[in-house]
Structure formats: C-alpha cells, structure tokens
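In case you want the letters, here they are:
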Amino acid sequence: MTAASIFITTSIPYVNGPPHVGFAWELVLADSLARYHRLRGHDVRFLTGTDDNSLKNVQAAEREGSATDRYVRARGERFEALAAGLGLSNDDFIHTAFDPRHTPAVEKLWRACADQGDVYTTAYRGLYCVGCEQFYAPQDLVAGRCPEHDAPLESVDESNYFFRLGRHQSQVDRLLSSGALRVVPDVYRAETYRWVRQGLLDFSISRSSLRTRGWGIPVPGDASQTVYVWFDALANYISALDYATNGARFREFWQQSSRRIHVIGKNVTRFHCIYWPGILASAGLDSPTDVVVHGFLTVEGRKIGKSLGNGVDPFTLLERFGRDRLRYYLLRQFPLGHDGDFSVPALVRASNGELADQLGNLQNRVLVLIERSLEGIVPRGASDRTPLAEAARQTLDQASLELERCVPDQALRAIIGFVEACNLHVSRTEPWQLARARGASQTDDERQRWHCELLDSLGEAARGLIWIAGLLAPFLPDTSHSIARALGVSLPQIYRETGRPSWGELGAGSRVLRGEVLFARLEAPCVSAAD
C-alpha cells in the first residue's frame, strides 16, 4: 500500500518584533500533527517560516534605523531559532523575502488568476490597519479603532489591483458545506460559514510601491504596484513546494496529497478559509483540506502580541523549563476553540501535577521496584488481554482519533488518563507488599505465588510505561525517548496500523536503567511571565 502524502504548515508571522510564546503554541500544535502522521507511516512535509514582505516590517526597520533587508533577515533568524529550540520536526523553513522559490511562485499564481479574468484595477478608498495588513469596514471597528490592535487606522486612497473573490463564492461555499475544507474547531467553521453567507466582496491584492517603500514583490508587468502582503504570504504554502516549476514536491504534497493542513491563529481565519481557497480556485488548484484554528494566548486578559509589547519570551521559558515542559503546557492546557491566559505559575503547576506527580512518579517507583525486586529485568507478560492492555489499546484508539481530527489537546487528555490508570494499577497491586511477602514466606509454594504476582504487577506497569512512551511521541519527543531508554527498549511504534508490538512482549528481558528522575518537581519561580 502506498503511503499517504500529508502536507502540514503553520502560518508565517511578521518579523516586526521578536517571536512570542503565542506563536510557539502554534508551532508545537503543527509539530504534534506532523510527528503523528510520520508515526502512522505517512509521507509528511512540514513547513513553517516568516512573512517578510510587510509594510510593518519596513516601519519597524525604520524605527531601528536599520536597512529593511538586514533587519528582516536578522529577525527571521530568531524565528528559525525558536523552531529549533522547540525541537520541531519541520522539513522546510521559508523566508519569503530571500527564498529563491518564492517570488516566481507569487508571479505565477498572480498570472494564473489574471488569465481567468479575476484581476482588475480600480480606485479604492478605505481604512487600513498596518498591524493587521488589511482594510476594515467602519462597522468592524471598536470606537473607531482596530479591534485587534486598539489603534487608529490609516485612511488610504489609491488605485489598486483587485481580486474577484465574489465570483468564487459558490465554490468556497461548497468546500465548506461539503466538508472538503474542514475548519477545526466548529466555532471557527461556523464563523467562516457566516462570512460566506453574508456575501464575499472582491478585495485589493496590491499596494502602491510608493507606500510600501519599494519593499515586496512587484506586480507582474506593473512595477508601480507591489503585491499585497497577504496574496504574497499565502502563496508560501505552494512556493515552498516548487509550484513555480511544477516540481515533484508540489505534485506529491499539493496536487496528489491526501491532506493539506494549515495550523493558524483565529485572527487570520478569513484569509485562510475564504481568500486562499478563492485564489486557489481561480488558479485551478485544490484548496487545503483542513484549517486548524487556535485562539489567542493572553497575559492578564490581554492578547499577547509583538505590537502590544506584552510578548512572553519563549527562549527564556525554554532555558528555565526545557522544551518538553513548555510543549506540554501549551498543548495540554490550552484547548482549541478558546483563548487562554499564560502564566509561569500555571506552567509550574501543570508540570508538577501530571508530569511530575503522575508520569515522573510512576516511572521512578516502577524502576526502583524492578531494580530491587527483579534484578532490573522486565518480565514477559503472560497475556495480551489484561485489563491494562485493553486500556492501553483503547487509549491509542482515542488518541489516534483525536489526532486525525487535528485536536491534540484531546489526545493528550486521553493519554494522561492512561498514565493515571497505570498509577492506579500499581496502587492496587502494591508490588512493594508483594516483594515483602515473598521475602517473608516460609514455603517454596508461597514464595512462588508471591513471585508470580510480583512479576505480573511490575511487568504490567513496565509495559504501561513503554506504551506511554509510544503514545507521547508526537507531543513530548525527548520524554518519549527518555522513558524508552530507562526501560531498555527502542521507542515502540504503536501508531502504525500494522506491525504493532505485542503487549506481552513489550520490554521482555530488557534491563532498566533508572537515571535521573523524570520531571522532578519545580519550585514556583518568583518572576513574571514576561521576564
């Protein structure tokens, strides 16, 4: 059977400020999906990058007294460093101002839309937010200010190129109503559908080169205009696949892929779920299959944002807590469909609760007991149909279902439930009491009976830990490998549809190596989240 091709992307952020923890959330969301599909045996292409060709980037460079290209390149490197720091498994990283694949792809996409008669020029006057890089209707404002940035808008009056989005309303409607384009979670699907049913208006896809200071991609055949940053930015998803040359990656991961998944923030839903499918329809290309939308992270109730000056530095968090603690907090504590308030004390509580008290404590006491009572050797299981084995398989099925639905937080919820079940197994079977009873027994029959029960108790717990290592692989890759090493095994490939390991054989005969305590408890640091 040929492996399915899966394409997964994040949005690409502007580089007018340093990366903040809100974008780190998006990165690890996408990474968990990419890792899961690889574990399933699929061919995965995972892309992230930076949106360089924005007026707000130009203005930020001017404020620093820096050349735009130098400023944008340096800032973009910080976003690439964040991806590495979080342990992302991305296959590609695109910088739209500097990647040689990008400009020819934008030009090709523009011409494809123009050839269909979907590009025209007209004079336009409107209220523009540079922070959002979009026009707003007066009714969308809050007290006359941008609803996202709480800032006054700029009145723009110029001649632009427009895209005939209204011509493609029925196609976008069909994509959403048929489920060919899934928007997850439902709250954002419903919001998108309301926009479509209100009627789609044509939108501007260029800006005067004078206003963009000449930064960006010139409109093909008209150097007096610059391609609108959103038309430019959305094209990155196919430019990085060599769309300009109709390369093999474009054919495999866009034209022939089984899923094309975009992971984005809720503030760019309209662009990805309406504008982008409309552009692709005009160009004769398939739309994304899934758009996964997350909410905003807030600090004291205010959205985290570069322009708002309340960004939480993810590099500081990585240095203090390590990447798996941060990944876990972001993936577990902030479900899709909701905003969430970020705080360091909450991160510490999350780490000390389910990670230290549940997972870390489970591993530590099981390894100690195996070392002391079984000479450090994991016993073979007598059956593949034990209660814990059944719970393990049910957890795998549930986690897989949630990851197929692109809901990692629900998958993690199920996995933590299995961790708790393993702890309950240890508490109920009390292997420490079995070890004492065996040592105190006076007859061979008694010692043999207590020994068999001890083997069952600790063997099941060890197999549960190995299964947990496999379950956590999409979310906490370092932790998964650490657990497997401690149990003396290779990471089990339990997400594959075929060739899964037998429960009773998991770890059989391996020698445990306890090492450092997994997720030692943390003391709450006396610092603010923004430090």
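Our structure is the block above this text.
A few points on the structure. (Residues numbered from 1 in each chain as written. Predicted model: local features only at pLDDT ≥ 70, side-chain atom pairs only at ≥ 80, totals over all residues. Heavy atoms only, no water.)

Describing the state of the cysteines
By the definition in use, this model includes zero disulfides. There is no disulfide at C113, and the cysteine sulfur nearest it, in C273, is 18 Å away. Counting only cysteine sulfurs, C273 is the nearest neighbor of C406, a cysteine outside any disulfide, at a range of 13 Å. Owing to a relative accessible area of 0%, C406 belongs among the buried residues under this scheme. (Disulfide = S-S within 2.5 Å. Buried < 20%, exposed > 50% of the residue type's maximum accessible area, 1.4 Å probe, protein only.)

Here's the deal with the pairing of strand β12 (residues 259-265)
With seven of seven residues buried, β12 lies mostly within the body of the structure. Taking every second residue as pointing to the same face, both faces of β12 are buried, with R259, I261, V263 and G265 on one and R260, H262 and I264 on the other. Sheet topology note: the strand β1 (residues 5-10)/β12 ladder contains five bridges and is parallel. Note that in β12 the partner of T10 across the bridge is V263. (Helix = DSSP H or I, 4+ residues; strand = E, 2+ residues; numbered from the N terminus. Pairing = 2+ DSSP bridges.)

Details of the packing of aromatic side chains
If you walk through the whole model with that rule in mind, you get 17 aromatic pairs. Judged by centre distance (6.1 Å) and plane angle (65°), the ring pair of F23 and F79 falls under edge-to-face. Separated by 56 residues along the polypeptide, F23 in helix α1 (residues 21-39) and F79 in helix α3 (residues 68-85) bring together distant segments of the chain. The buried category is assigned to F23, whose relative accessible area is 7%. (Phe/Tyr/Trp six-rings, centres within 6.5 Å; stacked < 30°, edge-to-face > 60°.)

A word on the sheet that holds strand β13 (residues 290-294)
Strands sit in the order β3-β2-β1-β12-β13-β7 across an open sheet of six strands; the sheet is parallel. Only two strands of the sheet have a single neighbouring strand rather than two, namely β3 (92-95) and β7 (182-184). Taken pair by pair, the neighbouring strands of this sheet meet at an average axis angle of 20°, ignoring direction. Pairing of β7 with β13, which is carried by three bridges, proceeds in the parallel orientation. (Axes fitted to C-alpha atoms, helices over the stretch in contact; angles between N-to-C directions.)

Notes on the sheet that holds strand β10 (residues 218-219)
If you trace the three strands from one edge of the open sheet to the other, you get β9-β11-β10, paired in antiparallel fashion. Whereas interior strands pair on both sides, the edge strands pair on one side only; in this sheet they are β9 (206-208) and β10. For β10 and strand β11 (residues 222-227), the ladder comprises two bridges, and the chain directions are antiparallel. Across the sheet, V219 pairs through a bridge with D222, a residue of β11.

Observations regarding the pattern of salt bridges
Once the charged atoms of two side chains with opposite charge are near each other, the side chains can pair. In the structure shown here, the tally under the stated rule is 26 salt bridges. Between R35 and D31 there is a salt bridge, with its nearest N and O atoms 2.8 Å apart. Here R35 and its partner D31 are both found in helix α1, four residues apart, which amounts to about one turn of the helix. Exposure remark for R35: the relative accessible area of 19% places this residue in the buried category. In this structure, R40 engages E497 in a salt bridge whose closest nitrogen and oxygen atoms are separated by 3.4 Å. With R40 in the loop between α1 and β2 (43-50) and E497 in the segment after α18 (477-486), this residue pair connects regions lying 457 residues apart in the sequence. Taken together, the salt bridges that share partners define one network made up of R40, R182, R259, D290, E404 and E497. (Salt bridge = Lys/Arg side-chain N within 4 Å of Asp/Glu carboxyl O.)

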